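# Breakdown of the fold
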Amino acid sequence: LSLARAAESRVLEAYTIGLRGTIAREVGDLVTARRDLEECVAMERAMPTGYERASNLVEIALTLVEAGALDDASRVLAELEALPAEERATMMWPQFVPYVLYRYLQARGDEQGAARELARASDLLDEQCARLPEETWRRRFNNSLVNRRIRAAAVPRSTEQSSVV
């Protein structure tokens, strides 16, 4: 973070704070995660175009869902939906949006909606993975935190579907 500030780059500073928030969430520090991700998104809102605003809104939405702050998560998800389509289309991990919606709907008790979003996340993940030209790249892609979460959540769904057949 000090290097981003020394470089006088608001983009790098926001990115670094957002990444720190994501890491905090992954290790279970939801208070730090929420603080850092909210700071990151606030910085991005002040920029003409948010560098990773859509991605960071998804990150903070997941953090809020995990913290049980579902009303706050709902507001963040609405803000994400209101972003211009071009900005949402540049997301590195488009499958993360339906995954977070899955977690949100699951927390709200909407099992049908949650299952629909998980299927959408899994399908997007498969599409993204199929576009990668080499097996090594596909393995690395599947091993990312986001994609491991989607695959793990989809396993029970796949098992249930195959047991019905």
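Residues numbered from 1 in each chain as written. Predicted model: local features only at pLDDT ≥ 70, side-chain atom pairs only at ≥ 80, totals over all residues. Heavy atoms only, no water.

### Some details on the overall build of the chain
- The helix and strand tally for the chain stands at 10 helices and zero strands.
- Reading the chain from its N terminus to its C terminus gives the helix and strand order α-α-α-α-α-α-α-α-α-α.
- Taken against the 2.2 N^0.38 rule, which gives 15 Å for 165 residues, the C-alpha radius of gyration of the chain at 17 Å falls within 12% of a compact globule.
- Taking the principal axes of the C-alpha coordinates as reference, the chain spans close to 60 × 40 × 30 Å.
- By residue count, 42% of the 165 residues in the chain fall in the buried class.
- Partitioning the intrachain contacts of the chain with sequence separation of at least 6 by distance along the chain shows that 56% fall at a separation of at least 24.
- Split by element, the accessible area of the chain, about 9,200 Å² in all, is 55% carbon and sulfur. (Helix = DSSP H or I, 4+ residues; strand = E, 2+ residues; numbered from the N terminus. Rg over C-alpha atoms; globule rule 2.2 N^0.38 Å. Buried < 20%, exposed > 50% of the residue type's maximum accessible area, 1.4 Å probe, protein only. Contact = heavy atoms within 4.5 Å. Areas by Shrake-Rupley, 256 points an atom, 1.4 Å probe, with all protein chains shown as cover.)

### Focus: the environment of Ala54
- Inspection of the secondary structure assignment puts Ala54 in helix H4 (residues 53-66).
- The spatial distance from the C-alpha of Ala54 to the C-alpha of Leu83 is 7.5 Å, given a sequence separation of 29 residues.
- With sequence-adjacent residues up to four places away left out, Ala54 is seen in contact with Leu80, Leu83, Glu87, Arg88 and Met91.

### Considering the environment of Trp137
- Relative to the elements of secondary structure, Trp137 occurs in helix H9 (residues 135-142).
- Assessed through its relative accessible area of 41%, Trp137 is described here as partly exposed.
- Measuring from C-alpha to C-alpha, the distance between Trp137 and Glu44 comes to 30 Å, with 93 residues separating the pair along the chain.

### Overview of the nonpolar core
- Counting residues in each nonpolar core, the largest one holds 34 residues, and the members touching the most others are Val58, Leu80, Phe96, Tyr99, Val100 and Tyr104.
- Among the elements of the structure, helix H3 (30-45), H4, helix H5 (70-82), helix H7 (96-107), helix H8 (111-130) and helix H10 (145-164) are those that each provide at least two residues to this core.
- Here the element with the most residues in this core is H4; it accounts for eight residues.
- If near-sequence neighbours (up to four positions away) are discounted, Phe96 is found in contact with Arg25, Val58, Glu59, Leu62 and Val146.
- In terms of nonpolar packing, the next biggest core, distinct from the first, is built from five residues, Ala14, Ile17, Cys40 and Met43 among them. (Core = buried A, V, L, I, M, F, W, Y, C linked by side-chain atoms within 4.5 Å.)

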